[in-house]
Amino acid sequence: MSTDKKGQKGDILLEMHGIVIDGYSDDRWHEIIKGVDVVLKRGEIMGLIGESGAGKSTLGLAAMGFAKPGCKINGGSIIFDGIDLIKASEDDKRKLRGSRIAYVAQSAAASFNPSHRLINQTVESAVRHGIKSESEAKADARALYRDLQLPNPDSIGDRYPHQVSGGQLQRVMTAMAMSPRPDLIIFDEPTTALDVTTQVEVLASMREIVEQYHTAAIYITHDLAVVAQMADVIKVLRYGETIEDADTRTMLANPEKEYTKSLWSVRSIEKQEEESEDIILRVDHIDASYTGSAKVLDDVSIEVPRGHTVAIVGESGSGKSTAARAITGLLPPSKGQILYNGKPLPPALKERSVDQLQKIQMIYQMADTAMNPRQTIRDIIGRPLEFYLGLKGRERDQRLLELMEMIELDESFINRLPAELSGGQKQRICIARALAANPELIICDEVTSALDQIVQKGILELLLRLQRELGLTYIFITHDIATVKAISDQIVVMLEGRVVEQGMKSEILAPPYPDYTKLLLSSVPEMDPDWLTGLLKERAQDQPPT
Amino acid sequence: MSNGGEQGYSAAGEVSMLKARRTLLENIWRGLKSAPPTALFGMVVILIYVFFALFAPLLAPYGEAEIFDLSYAPWSDEFMFGTDQLGRDVLSRLIYGARNTVGIAFATTVLAFLIGGSLGITAALSRGWLDDLISRSVDVLMAIPSLIFALILISMFGATATNLILIIAVLDATRVFRVTRAVSLNVVVMDYVEAARLRGEGLSWVMRREILPNILPPLIVEFGLRFCFVFLTIAALSFLGVGIQPPTADWGSMVRETAGLIQFAEYDLTAAMTPMLPAAAIALLTVAVNFVVDWFLHKTSGLKDEH
Amino acid sequence: MHPIVRTILQRLGLGLVTLFVVSLIIFSSIEFLPGDFGQAVLGQAALPETVQAFRTELGLDLPMHERYLDWLGGILTGDMGNSFSGRGSSGGADRSRAVIDLIAPRLANTLFLASMAAIISVPLALFLGITAALYRNSIYDRVVNALTLTTISFPEFFVAYMLILFLSSFTKVFPSLANISSDATFWEQVYLSALPALTLTLVIIAHMMRQTRAAIINLMASPYIEMANLKGVSKMQVILQHALPNAWAPIVTVIAFNLAYLVVGVVVVEVVFVYPGVGQLMVDAVTTRDVPVVQGCAMIFAATYILLNLFADIISIVTNPRLLHPR
């Protein structure tokens, strides 16, 4: 295996034609990829985008001639730099992997061997494939760590995987992929598990290093804004088929297919904000902590106006979900109080009356786990009707049908089990269950973030319509700024258990920003290929390099 | 991980989009059709045992403890598998044994599940000091091998059928407790349990309606495994002479009583087979249950063990 | 303090507490004996004075905690009291023996039998389990899997009598009774104990092989193993470099679990082959309700079991990279 064999930029590096991949589940084989073509040139970055179930990861691995356990490549041709990966022996493919084609996985924490130091794992493929000597490879790895802006590049490699943070691990994994100087790197959702502010840094360093070494890459993600920063060309996949192929700027400027447009459809809704003085819920200087640990909420105050939406924004660990738990009584605050309609709510769930419970309902992020998989939709929505309103028999069924109509689902769904519904339908059922209680206030905890974009749009529009018709109040917890724009009147920004800023949407989303709000807002990728470049330039001006 | 829209990749996840809607009966039929021959064999054997246990008095040629004045009679038309040391018909005792040995083991397992299961769910739901207390006690009980523990307890309380059932059930309940607690913990953290609590539902409603239906499939598998274990333990104790006591017909003690005959294999093969019959009856049932459980496990674990 | 030392000390402490509680349970078994057990042990003809003397000897008139400390002290110094059997009905003729004298020679025999089984079964089971996991779903794996599933379903005495039938009754290769005596040479002992050892070996191999296979399959499903494959590391190196360093804890746990299982399995096998070991002694003592002997045997079995599990835990702690290299 020689590394000097690299061809000219612009030559075709990878050609996949008519790829068919089958997956085994439910006691039989299904087609996951149904005849997809991929053509990638040297030094080119292709974004592979699609929703869950599109088969993008499966296709990405097929570029290495690899099929996950439970999958098999059943047709088509894969030619990598003149080598037929379908016909190649297992041994020949092994020699390509980790030397000329490398892989960066989504979950860095699980993909590093816990028993070996990072640097040894970084140089492993380069040394094993005889590309570099061990000392050479280690020196190079330290240089790569520096290029990737890892802290203490000379010593970080001596650490073990559990000793560094997730964002850092993801960069070490990029260094690991780059170490043998491959011709092609497959990035499989490398930033999906990271917070937005970390994501920006990792994206920037990955893009820079791929450019520096003119490495071709396939970048797999579900986030079009992210891929817009990385890719030269984009391929949109759905249910194992290609929907659209175009270069990045063309696709963003004028997408051909309706489906492609729907990938950023949430960004097309924007609620007109309204001010209001009628406060339904007042969270008054509360502290809260889980037993024995530090404060998770520190002097948090939030005001929620009746009939309007307050969005609570923050990254993981900011305390935004804990605030919801405090309001619902699941985690009684250790200090301060919560006033509902001007009267204090008992802090603990057990002390609240059925009437108080009925007025505040909750909708969860994962509709899958929010519904008992063994109960039919009739039982799930019917229970609050019985429990709170005492409805039985025909009265109950009548109300059930009204609710189904409100959430725009056919009445035939009521005899199904949750597993027989799609993600969006499940979330609608959860909304109906909350509505069944005739609540005044609904707490929505990341209710759209597990859903595909086009489904998110439907759910948000439904929530907006219900608010108009029923005068509902929402507390909307999210980390996604596009969602915030779509639904909120007011915004609360949280960081490390404290409220950083609170105000009307127009005030928060316009300068001047406090530092953190600015960092958070500016880190959200935009649907503009030049966004990352611009942002990095701007940040470099703001603070001179250290 | 709550940030990412998508969960980790899984082939099963990608494919499950295509999952079709089926009725329960279709599922059962499909399951049976796809069952490996070992599992089918197991199911047939279990059914046969159940049949013999239910209709023992009708099927046995003689009474359970009926004594003829012919001990160690050879296999013949009159006594198909001969008679034992007291002159009791071995075939009849084998058939009654299906009722006694399997019945006692089954009752013990059910009792163990009632005790261990309810404690397990309670511990998982309540957490805190109650969970700690039960869990620590179970740890200590499990630090003694259960056969040894059973021997100690039997030496204390004496070997009667009731004592035997109680002792083994309590000892086995520790294992059931651990499993139930573990699977319940997975369910208790689900949002739908929290949703029920937020609604204001009482503890018993949450246990019956939200938790129990969801922990049932793993518990059924565990029931099969525990039954085998209990069955073998009781058989071992009876074989050692400290389990089910005469004159109750029981396979473990039958092996013990006729074991001496094995020495005569050279002279009379059928005589040597007499102690092997009850031993084989025990072995066949455990093999059958294990085959079915193995298939169940394989099915429920899905792709994990497939490739 | 290094977290690993702290964790080990915690685990050791927990082990001690467990042993203490277990000893308490075993000790209290004498409390539950019916009130007239002295009469039962000594015979109906026993004089009231003899019975009283017997009760005094057992210390039944002392408060419970004093007796417990006394008993525990005895156990720790090798004095487990005297057997109930051989007690005369009249004061003078006490032919009972010290429990320790009954147990000691038999313990050596039991250990001999268990080690014989362990020496054969541990390497063989690990080999079978690891190869079955690596060649998963091959014919080899399926056959081994079905065979071991069948074997673990068999009661030990069934396996034992099958072996007797084929290797002793028909072919006369080995003796069916393992009545070894202390003056037999080492190889005579091996020959006499061949069948019991073989029975134990078969049972242990089946259990251990299945657990090893499951542990290795679990390990090989880790994302870092897939990553190693995607890095083009050869199959052999994936196993040696990536799987093995993380496999110690599960493998040691499996070994310890099965050695502990051996402790229990030995009881039935000893009875089948009339092997003079602790297991048989304990069963006899249970039948005659000879409580001091039951207590002594139970203490030995329980302590072995607890110590083996403790040992496995400590190995797992020592090989855990998260504890070895704290943040």
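Residues numbered from 1 in each chain as written. Chains lettered and ligands numbered in written order. Predicted model: local features only at pLDDT ≥ 70, side-chain atom pairs only at ≥ 80, totals over all residues.

A. How the structure looks around the overall build of chain C. Counting secondary structure elements, chain C contains 14 helices and zero strands. When the helices and strands of chain C are read in sequence order from the N terminus, they spell out α-α-α-α-α-α-α-α-α-α-α-α-α-α. In terms of its C-alpha atoms, chain C occupies a principal-axis envelope of roughly 85 × 60 × 35 Å. The buried share among the 327 residues of chain C stands at 42%. Looking at chain C alone, contacts between residues at least 24 apart form 71% of all its contacts between residues at least 6 apart. (Helix = DSSP H or I, 4+ residues; strand = E, 2+ residues; numbered from the N terminus. Buried ≥ 20, exposed ≤ 12 C-beta atoms within 10 Å, placed from the backbone. Contact = placed C-beta atoms within 7 Å.)

B. The overall build of chain B, seen in detail. Along its length, chain B carries twelve helices and zero strands. Counting from the amino terminus, chain B carries its helices and strands in the arrangement α-α-α-α-α-α-α-α-α-α-α-α. When each of the 307 residues of chain B is scored for burial, the buried share is 47%. If you take every contact in chain B between residues at least 6 apart in sequence, the share linking residues at least 24 apart comes to 68%.

C. Up close: the sheet that holds strand β9 (residues 233-238) of chain A. All names here are of chain A. Strand order in the open sheet made by the six strands is β6-β7-β8-β3-β9-β10, with mixed pairing throughout. Only two strands of the sheet have a single neighbouring strand rather than two, namely β6 (101-104) and β10 (241-247). On average, adjacent strands in this sheet sit at an angle of 15 degrees to one another, irrespective of strand direction. Note: β9 against β10, six bridges, orientation antiparallel. Looking at β10, one finds that Arg238 is bridged to Glu241. Contacting β6 and β7 (184-188), helix α6 (residues 166-178) crosses the sheet at an angle of about 170 degrees to β6. (Pairing = 2+ DSSP bridges. Axes fitted to C-alpha atoms, helices over the stretch in contact; angles between N-to-C directions.)

D. Quick peek at unusual backbone geometry. Residue and element names in this part refer to chain A. Located in the positive-phi region is His285, a residue other than glycine, with phi close to 45 degrees. Structurally, His285 is set in strand β11 (residues 279-289). The class for His285 is exposed, based on 12 C-beta atoms found within 10 Å. Phi is positive for Glu446, which is not a glycine, with a value near 50 degrees. Mapped onto the elements, Glu446 comes out in the loop between β17 (441-445) and α17 (453-470). We classify Glu446 as buried; it has 22 C-beta atoms within 10 Å.

E. The arrangement of the interface of chain B and chain C in detail. With 40 residues of chain B in contact, the opposing surface of chain C contributes 41 residues. Looking at the side of chain B that touches chain C, the elements that each hand over two or more residues are α7 (146-157), α10 (203-239) and α12 (269-301) of chain B. Looking at the side of chain B that touches chain C, the element that brings in the most residues is α12 of chain B, giving eleven residues. Considered class by class, the residues forming the side of chain B that touches chain C number 29 nonpolar, seven polar and four charged. (Nonpolar A, V, L, I, M, F, W, Y, C, P; charged D, E, K, R; others polar.)

F. Structural view of the confidence of the model for chain B. Residue and element names in this part refer to chain B. Averaged over all residues, the pLDDT of chain B is 81; the fraction at 70 or higher stands at 90%. The lowest-confidence element of chain B is helix α1 (residues 11-16), averaging 37 in pLDDT; the highest-confidence one is helix α9 (residues 191-199), averaging 92. This model gives residues 1-21 a pLDDT under 50, and the stretch forms 46 contacts once residues within four places in sequence are excluded. (pLDDT = per-residue confidence, 0-100.)

G. Region of interest: the packing of helix α5 (residues 90-126) of chain B against helix α8 (residues 161-188) of chain B. Residues and elements named next belong to chain B. Interaxial distance between α5 and α8 falls to 5 Å at its minimum, and their mutual angle equals 40 degrees. Classified by the interaxial angle, the pair formed by α5 and α8 is oblique. Where α5 crosses over α8, the two elements pack in a sense that is right-handed. Among the residues forming the contact of α5 with α8, the class breakdown is 21 nonpolar, seven polar and two charged. (Parallel < 35°, antiparallel > 145°, perpendicular 65-115°, else oblique. Left-handed = near helix turned anticlockwise from the far one by under 90°.)

H. Expanded view of the sheet that holds strand β13 (residues 309-313) of chain A. Residues and elements named next belong to chain A. With respect to topology, six strands assemble into an open sheet ordered β16-β17-β18-β13-β19-β20, the strand pairing being mixed. Lying at the two open borders of the sheet, with one neighbouring strand each, are β16 (360-363) and β20 (498-504). Taking the axes of each pair of neighbouring strands and ignoring which way they run, one obtains an average angle of 15 degrees across the sheet. Relative to strand β18 (residues 473-478), β13 runs parallel, the two sharing five bridges. Residue pairing in the sheet places Ala311 in a bridge with Phe476 of β18. Its contacts with the sheet place helix α16 (residues 423-436) against β16 and β17, and it is angled at close to 175 degrees to β16.

I. Spotlight on the packing of helix α1 (residues 3-28) of chain C against helix α13 (residues 291-318) of chain C. All names here are of chain C. Taken N-terminus to C-terminus, the directions of α1 and α13 make an angle of 165 degrees; their axes are 10 Å apart at the nearest point. When the axes of α1 and α13 are compared, the pair comes out roughly antiparallel. For α1 against α13, the interelement crossing comes out right-handed. Contacts between α1 and α13 pair Ile4, Thr7, Ile8, Arg11, Gly15, Thr18, Leu19, Val22, Ser23 and Ile26 from the former with Gln295, Ala298, Met299, Ala302, Ala303, Ile306, Leu310, Asp313, Ile314, Ile317 and Val318 from the latter. The residue inventory of the contact of α1 with α13, partitioned by class, reads 14 nonpolar, five polar and two charged.

J. Expanded view of α7 of chain B. Relative to the 16 Å expected for twelve residues at 1.5 Å per residue, α7 of chain B spans 16 Å between its end C-alpha atoms, a close match to the ideal helical length. Across the twelve residues of α7 of chain B, ten count as buried, placing the element largely inside the fold. Looking only at α7 of chain B, the buried set comprises Leu147, Ile148, Phe149, Ala150, Leu151, Ile152, Leu153, Ile154, Ser155 and Met156 of chain B. Residues of α7 of chain B that are buried sit in contact with α8 and α10 of chain B together with α1, α11 (235-272), α12 (278-288) and α13 of chain C. Note on α7 of chain B: the residue one or two positions beyond its end, Gly158 of chain B, has a positive phi of about 90 degrees. (Expected span 1.5 Å × (residues − 1).)

K. Representation of the pairing of β9 of chain A in the model. Residue and element names in this part refer to chain A. Most of β9 sits inside the fold, with five of its six residues counted as buried. Looking at chain direction, strand β3 (residues 45-49) and β9 are connected through four bridges and run parallel. Pairing of Leu48 across the sheet is with Lys235, part of β9. What sits between the antiparallel neighbours β9 and β10 is a turn of two residues, in which Tyr239 has the positive phi angle 45 degrees.

L. Main features of helix α15 (residues 393-406) of chain A. Residues and elements named next belong to chain A. The end-to-end C-alpha distance of α15, which contains 14 residues, comes to 20 Å, matching closely the 20 Å that a straight helix rising 1.5 Å per residue would cover. Looking at the packing, one finds that the buried side of α15 touches α14 (377-389) and α16. Looking one or two residues beyond α15, the residue adopting positive phi is Glu408, at roughly 60 degrees.

M. Fine view of the environment of Tyr192 of chain B. Looking at where Tyr192 of chain B falls in the secondary structure, it is placed in helix α9. Judged by local crowding, Tyr192 of chain B falls into the buried class, with 25 C-beta atoms found within 10 Å. Tyr192 of chain B sits 18 residues away from Glu210 of chain B along the chain, and the two C-alpha atoms are 7.6 Å apart. Not counting the four nearest positions on each side in its chain, Tyr192 of chain B is found in contact with Thr369, Ala370, Met371 and Asn372 of chain A together with Glu210 of chain B.

N. Representation of the environment of Pro321 of chain C. Following the sequence through the fold, Pro321 of chain C ends up in helix α14 (residues 321-324). With 17 C-beta atoms counted inside 10 Å, the residue Pro321 of chain C sits in the partly exposed group. Separated by 76 residues in the primary sequence, Pro321 of chain C and Pro245 of chain C place their C-alpha atoms 9.4 Å from one another. Beyond its immediate stretch of four places on either side in the chain, Pro321 of chain C contacts Pro114, Ser115 and Tyr160 of chain A.

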